[in-house]
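Reading the structure
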Amino acid sequence: VEQTYIMIKPDGVQRGLVGEIISRFEKKGFLLKGLKLFQCPKDLAQEHYKDLKDKPFFPKLIDYITSGPVVCMAWEGDGVVASARKLIGATNPLQAEPGTIRGDLAIQTGRNVVHGSDSPDNGKREIGKFCNSPVRCLSALQPILLQHNMHTFFFRL
Ligand code: GTP
Ligand code: MG
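Source: prediction; values computed, not measured.

1. What to know about the UniProt feature "active site" (unreviewed entry) in the protein
The UniProt entry lists H115 under the feature "active site" (unreviewed entry), expressed in the numbering used here. Structurally, H115 is set in strand β4 (residues 114–116). Residues in contact with H115, not counting those within four places in the same chain, are Y5, I6, M7, K9, H48, Y49, I88, R102 and E126.

This is the structure:
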């Protein structure tokens, strides 16, 4: 089944938009497979945005993504990658249609509240990078997650 990596960026967390953003994917009908609150280290941010490393805004982008906790999520469903990109809206929130997350909730490209993978392959890869890195594990939770066929995400204790 198709999965995508959705990340609520530090501004989305700081502005109290976590529930609002999750709600949009839930209402659409996609399945939340795993979630964690996470402080993205600099090297992971650089690797995540490596295609943009020659852009003038790259250092600012890395500072932004590492400036506070993010919410890492795996969402599942037929066509979830492209559909999530539609729900999120255009990169520049001023160009994003009303009704999209960025169109309704943001103004600046450099503070556009949420990330969504741009292909199923990148979805898999990004879920692997952000969601399956062991930090410290609540081991009692693992069998329960497996029983529900969910990702065994880890929690920073
Ligand atoms: P993501 O879902 O975060 O990958 O956004 P995207 O796929 O809509 O855009 P893209 O991958 O091209 O760029 C990644 C992120 O870099 C954007 O979401 C912005 O946060 C940031 N970014 C892109 N272009 C600019 C820019 O011109 N200025 C600034 N400050 N940030 C930019
Ligand atoms: Mg992108």
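2. As for the site of ligand 1
For ligand 1, the set of nearby residues contains 13 residues, the closest of which are K9, Y49, R85, T91 and N112. T109 is positioned such that a nitrogen or oxygen atom in its backbone is 3.2 Å from an oxygen atom of ligand 1. With respect to ligand 1, the backbone of G116 contributes an N or O atom lying 3.1 Å from an oxygen atom. Partitioned by chemical class, the residues of the shell around ligand 1 number four nonpolar, six polar and three charged.

3. A look at the nonpolar core
By size, the foremost hydrophobic cluster in this structure holds 19 residues, and its most contacted members are I6, I21, F25, W75 and I101. Within the residue set of this core, elements represented by two or more residues are β1 (3–8), α2 (18–28), β3 (70–76), α5 (80–88) and α6 (101–105). Residues in contact with I6, not counting those within four places in the same chain, are F25, V71, C72, M73, W75, A84, I88, V114, H115 and G116. F38, Y49, F58 and F130 belong to the second largest nonpolar core, which has 18 residues in total.

4. Quick word on α5
V80, V81, S83, A84 and I88 are the residues of α5 that are buried. End-on view of α5: buried residues confined to an arc of 165 degrees, all on one side of the axis. In α5, the exposed positions that point more than 90 degrees away from the buried face belong to A82 and K86. For α5, the elements touching its buried residues are β1, α2, β3, α6, β4 and α7 (120–131). Among the residues trailing α5, G89 stands out with phi positive, at a value near 95 degrees.

5. Quick notes on the packing of aromatic side chains
Applying the stated criterion across every chain yields a total of three aromatic pairs. Ring centres 4.7 Å apart and planes at 20 degrees place the aromatic pair Y5 and F130 in the stacked group. Taken together, the positions of Y5 in strand β1 and F130 in helix α7 put the pair 125 residues apart, joining distant regions of the chain. For the pair shown, Y5 and F130 are each scored as buried. For the ring pair F38 and F130, a centre distance of 6.4 Å and an interplane angle of 80 degrees mean the geometry is edge-to-face. Here the residue F38 occupies a position in strand β2 (residues 31–38), and F130 occupies one in helix α7, the gap between them amounting to 92 residues. Taken together, Y5, F38 and F130 form an aromatic cluster joined through their ring pairs. In this arrangement the basic side chain of K36 is found over the ring face of F38, its NZ or CZ atom lying 4.3 Å from the centre.

6. Points about the state of the cysteines
Considering all chains together, one arrives at zero disulfides under this definition. Looking at the unpaired C40, the closest cysteine sulfur is the one in C72, lying at 7.4 Å. With a relative accessible area of 2%, C40 lands in the buried category. The structure places no disulfide on C131, whose sulfur is separated from the nearest cysteine sulfur, that of C72, by 5.4 Å.

7. Let's talk about the packing of α2 against α5
Relative to each other, α2 and α5 sit at 130 degrees, their axes nearing to 11 Å. By the criterion of interaxial angle, the relationship of α2 to α5 is oblique. As α2 runs across α5, the sense of the crossing is right-handed. Across from R24, F25 and K28 in α2, the residues of α5 making contact are S83, A84, L87 and I88.

Conventions we followed
Residues numbered from 1 in each chain as written. Chains lettered and ligands numbered in written order. Predicted model: local features only at pLDDT ≥ 70, side-chain atom pairs only at ≥ 80, totals over all residues. Heavy atoms only, no water. UniProt positions renumbered as here; feature names shortened; annotations may be inferred. Helix = DSSP H or I, 4+ residues; strand = E, 2+ residues; numbered from the N terminus. Contact = heavy atoms within 4.5 Å. Near = heavy atom within 4 Å. Polar contact = N/O pair within 3.5 Å; in protein donor to acceptor, adjacent residues only side chain to side chain. Nonpolar A, V, L, I, M, F, W, Y, C, P; charged D, E, K, R; others polar. Core = buried A, V, L, I, M, F, W, Y, C linked by side-chain atoms within 4.5 Å. Buried < 20%, exposed > 50% of the residue type's maximum accessible area, 1.4 Å probe, protein only. Arc of directions from axis to C-beta. Phe/Tyr/Trp six-rings, centres within 6.5 Å; stacked < 30°, edge-to-face > 60°. Lys NZ or Arg CZ within 6 Å of the ring centre and 35° of its normal. Disulfide = S-S within 2.5 Å. Axes fitted to C-alpha atoms, helices over the stretch in contact; angles between N-to-C directions. Parallel < 35°, antiparallel > 145°, perpendicular 65-115°, else oblique. Left-handed = near helix turned anticlockwise from the far one by under 90°.

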